[in-house]
Amino acid sequence: MLSILADTMFFPPERSTVAGSVDGLFDFIYYLSLFFFVLIIGFMIYFVLKYYQRDGHTEAPSPSHNETLEITWSVIPSILVGVIFFFGFTEYLNMREAPENAYEIQVVASKWNWVFKYPNGAESGDLHIPVDRDVKFLLQSQDVLHSFYIPAFRIKMDCVPQRYTWTWVRATHTTGSGLDESSHEPLRLFCAEYCGQQHSIMHRKVFVHETADFDQWVEKAANILENNTPEEAGKILFGRKGCAQCHSVDGDNSAKYPGPPLNGQWGTERQVTPRGSSSPITVTMDENYVRQSIRQPNSEIVVGRKPGMTVFTPQLLKDEEITAIIAYLKSIK
């Protein structure tokens, strides 16, 4: 009964081995607080009705000290707090230390993007993990404080600049079958720490695969330039590197996207303001413009837009990957 209420009232369905114990402790604290709230309010109402000032009423003498009562309201809360501490601390230790031989995924957070790096060199913009296997997340941030939060797993950990943090999970249910993402119902991953103007778009999908499917996916993801056409590889990289968070490819030019839309723009002219200048110039969207926009995004700002795009160094985006993205941008109308 309590688990059903937790799924519908407070949290999504439990999808990890630790979710049940987290919900159990939460439910215990919630209903314990509710019990004492009702009890105290009930007594307050009873005493108000019984002892309110009225004609003929005389004040009754009251004791200044009751040792039994003092012991009762000291011991019972102490026992309850001790129980909460014991279960909370032991579960915290369980969630804090990843089991040995856990599969490790590096998580890199930046404004306003997530990148997931796998042991075989594969990278992804959405998170993919195997079911029924311990997975450790090694977290870092490239700029400001972010927070890695997956509600269905009941895990949350800050991503701190210039240091590593970690958490882990063992997923208990798959989100679908096969490698086709349309056959899955992915979970959601959020940044739970306000990190700037576009904080609300910093969310991703979480896919949980059967082990065999995950092995195929991670192998294919490690070789996207070899296993796909340049346009297909560019599309994958466009989503994986976070470009889609700031640029629409369907013509949406609203404030939802801080950058200009990119579909149908290849070969067209645009007004940009060079760094240090107040006079805009006209440039053409071609290979060199795209490359410069990726390597030095703040050197020329499109008129009406604000600087803020992440600088993609060769360590973050290889030259051949930029070439694939260019092929994709040429293909979208």
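Calculation rules
Residues numbered from 1 in each chain as written. Predicted model: local features only at pLDDT ≥ 70, side-chain atom pairs only at ≥ 80, totals over all residues. Heavy atoms only, no water. Pairing = 2+ DSSP bridges. Helix = DSSP H or I, 4+ residues; strand = E, 2+ residues; numbered from the N terminus. Axes fitted to C-alpha atoms, helices over the stretch in contact; angles between N-to-C directions. Contact = heavy atoms within 4.5 Å. Parallel < 35°, antiparallel > 145°, perpendicular 65-115°, else oblique. Left-handed = near helix turned anticlockwise from the far one by under 90°. Buried < 20%, exposed > 50% of the residue type's maximum accessible area, 1.4 Å probe, protein only. Core = buried A, V, L, I, M, F, W, Y, C linked by side-chain atoms within 4.5 Å. pLDDT = per-residue confidence, 0-100. 1 Å grid on protein atoms, 1.4 Å probe; cavity = no way out; pocket = protein on both sides within 12 Å on 5 of 7 lines; lining within 4 Å. Points joined across faces, edges and corners; volume = space filled by probe spheres on them. Expected span 1.5 Å × (residues − 1).

Enquirer: Got a sec to walk through the sheet that holds strand β11 (residues 269–274)? Specific residues and values, please.
Expert: A sheet is described by the order of its strands in space; here 3 strands give the open sequence β12-β11-β13, paired in antiparallel fashion. Each end of this open sheet is capped by a strand with a single partner; those strands are β12 (281–284) and β13 (300–302). Strand-to-strand, the axes of this sheet are offset by a mean angle of 50°, without reference to chain direction. As paired elements, β11 and β13 share 3 bridges and run antiparallel to each other. Paired with T273 across the bridge in β13 is I301. Each of β11, β12 and β13 is contacted by helix α8 (residues 287–295), which is oriented at about 100° to β13, the strand it contacts most.

Enquirer: Pulling in residues and values, what's your account of the packing of helix α2 (residues 19–51) against helix α3 (residues 67–96)?
Expert: Between two packed helices, both the angle of their axes relative to each other and the distance between the axes serve to describe the pair. With their axes 10 Å apart at the nearest point, α2 and α3 run at an angle of 160° to one another. Taken together, the axes of α2 and α3 lie roughly antiparallel to each other. Between α2 and α3 lies a crossing of left-handed hand. Contacts between α2 and α3 involve S21, V22, L25, F28, I29, L32 and F36 from the first element and L80, V83, I84, F87, G88, E91 and M95 from the second.

Enquirer: Break down unusual backbone geometry for me, citing the residues and quoting the values.
Expert: In this structure, W112 follows K111 across a cis peptide bond, with omega equal to -10°. On the secondary structure map, W112 appears in the loop between β1 (103–110) and β2 (113–117). Of note, the phi angle at N101 is positive, near 65°, even though the residue is not glycine. On the secondary structure map, N101 appears in the loop between α3 and β1. Under the relative-accessibility criterion, N101 is labelled exposed at 77%. At R154, a residue that is not glycine, the phi angle is positive and equals roughly 60°. Structurally, R154 is set in the loop between β6 (146–150) and β7 (155–159). The exposure class of R154 is buried, given its relative accessible area of 8%.

Enquirer: Which residues make up the nonpolar core, and what are the values?
Expert: Ranked by internal contacts, the top residues of the largest apolar core, which has 35 residues, are W114, Y118, L127, I129, F137, F148 and F153. With residues near it in sequence (within four places) discarded, I129 still touches I105, V135, F137, F153, V169, A171, F207, V208, H209 and F214. If you look at the next biggest cluster of nonpolar residues, it comprises 22 residues, including I224, A233, L262 and Y289.

Enquirer: I'd like to hear about the confidence of the model for the protein chain, residue by residue, with values.
Expert: Model confidence for the protein chain is summarised by a mean pLDDT of 89, while 97% of its residues fall at 70 or above. Contacts from residues 1–6, a stretch scored under 50 in pLDDT, to residues over four places away or in other chains number 8 contacts.

Enquirer: With reference to specific residues and values, describe the environment of C191.
Expert: For C191, the location among the structural elements is in strand β9 (residues 187–191). Separated by 11 residues in sequence, C191 and M202 place their C-alpha atoms 5.9 Å apart. Among all residues touching C191, those that are not within four sequence positions of it are W114, H146, S147, H199 and M202.

Enquirer: An account of the sheet that holds strand β4 (residues 127–130) is requested, with residue identities and associated values reported.
Expert: Strands sit in the order β4-β10-β9-β6-β7 across an open sheet of 5 strands; the sheet is mixed. Two strands lie at the open edges of the sheet, namely β4 and β7, each paired on one side alone. Looking at each pair of strands side by side, their axes are set apart by 25° on average, direction ignored.

Enquirer: Could you give an account of empty space enclosed by the protein, naming the residues involved and the relevant values?
Expert: Tallied over the entire structure, the rule returns 1 cavity of 30 Å³ or more. Quantified by volume, the largest cavity comes out at close to 30 Å³. What lines the largest cavity is Y289, Q292, S293, Q296, P297, S299 and E300. Considering each element in turn, the lining of the largest cavity owes the most residues, 3 residues, to α8.

Enquirer: Report on helix α9 (residues 319–331), specifying residues and quantitative values.
Expert: Between its terminal C-alpha atoms α9 stretches 19 Å, which fits the 18 Å expected from 13 residues at 1.5 Å a residue. Among the residues of α9, those classed as buried are E321, I322, A324, I325, I326, A327, Y328 and L329. At its buried positions, α9 is contacted by α5 (224–227), α6 (230–240) and α8.

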